[in-house]
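Given next are the chains, with one letter for each unit.
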Amino acid sequence: MERAEKAVREKSQEEKEQILQNFEEFKNYLGDKVEKGQKLGLSEEAIAKSAKKVADYLAKNEEPKNREEYLLQQLWKVGEEEDRHHLARMLVRLTDETN
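The following paragraphs examine the structure supplied in this document. All values derive from a computational prediction rather than experimental measurement.

### As for empty space enclosed by the protein
Enumeration according to the criterion identifies one cavity of 30 Å³ or more in this entry. Within this model, the largest cavity holds a volume of roughly 290 Å³. Every residue lining the largest cavity is counted, 18 residues in all, and those nearest its centre are Phe26, Ala55, Leu58, Ala59 and Leu72. Taken together, the elements giving at least two residues each to the lining of the largest cavity come down to α3 (23–39), α4 (44–61), α5 (67–78) and α6 (81–98). Residue composition of the lining of the largest cavity, grouped by class: 14 nonpolar, one polar and three charged.

In structure tokens form, the structure reads like this:
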């Protein structure tokens, strides 16, 4: 199992609820992880791959808690593999620019 997916699975339901309850909180959480990856010297591509793994897990296992997450889930479901990769990269860029 990939480290990114494992980290999400190991979070308690309460922690997941807190992160996913509000889209800004979700962006901040993802932004913190992006920043840590950058400090470790990971490329944008490597960070995007990890973000994609987390998004795959969330799309399959968690219900959206707000409109933004619902939209992301729907885009994820209709997207093909390449679309999902691009969406993950855009999310990484979004959080990188807003944090």
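### Focus on a nonpolar patch on the surface
A cluster of nonpolar residues, Leu71, Leu75 and Val78, forms a patch on the protein surface that exposes about 300 Å² of accessible area. When you line up the elements, Leu71 lands in helix α5.

### Some words on the nonpolar core
Residues Val34, Leu58, Leu72, Trp76 and Val92 are the most contacted members of the largest nonpolar core, which totals 17 residues. Where this core is concerned, the elements lending two or more residues are α3, α4, α5 and α6. For this core, the element with the highest residue contribution is α4, accounting for seven residues. Not counting the four nearest positions on each side in its chain, Leu72 is found in contact with Phe23, Leu87 and Leu91.

### Focus on the packing of α4 against α5
Interhelical geometry of α4 versus α5 gives an angle of 100° and a closest axis separation of 10 Å. The pairing of α4 with α5 is recorded here as roughly perpendicular in orientation. Where α4 approaches α5, its residues Lys52, Ala55, Asp56 and Ala59 are matched on the opposing element by Gln73, Trp76 and Lys77. Here the contact of α4 with α5 is built from residues that sort into three nonpolar, one polar and three charged.

Rules used in this analysis
- Residues numbered from 1 in each chain as written.
- Predicted model: local features only at pLDDT ≥ 70, side-chain atom pairs only at ≥ 80, totals over all residues.
- Heavy atoms only, no water.
- 1 Å grid on protein atoms, 1.4 Å probe; cavity = no way out; pocket = protein on both sides within 12 Å on 5 of 7 lines; lining within 4 Å.
- Points joined across faces, edges and corners; volume = space filled by probe spheres on them.
- Helix = DSSP H or I, 4+ residues; strand = E, 2+ residues; numbered from the N terminus.
- Nonpolar A, V, L, I, M, F, W, Y, C, P; charged D, E, K, R; others polar.
- Patch = residues over 30% accessible without salt bridge, like charges linked within 9 Å, V, L, I, M, F, W, Y side chains within 5 Å.
- Areas by Shrake-Rupley, 256 points an atom, 1.4 Å probe, with all protein chains shown as cover.
- Salt bridge = Lys/Arg side-chain N within 4 Å of Asp/Glu carboxyl O.
- Core = buried A, V, L, I, M, F, W, Y, C linked by side-chain atoms within 4.5 Å.
- Buried < 20%, exposed > 50% of the residue type's maximum accessible area, 1.4 Å probe, protein only.
- Contact = heavy atoms within 4.5 Å.
- Axes fitted to C-alpha atoms, helices over the stretch in contact; angles between N-to-C directions.
- Parallel < 35°, antiparallel > 145°, perpendicular 65-115°, else oblique.

This is a description of form; function is not addressed.
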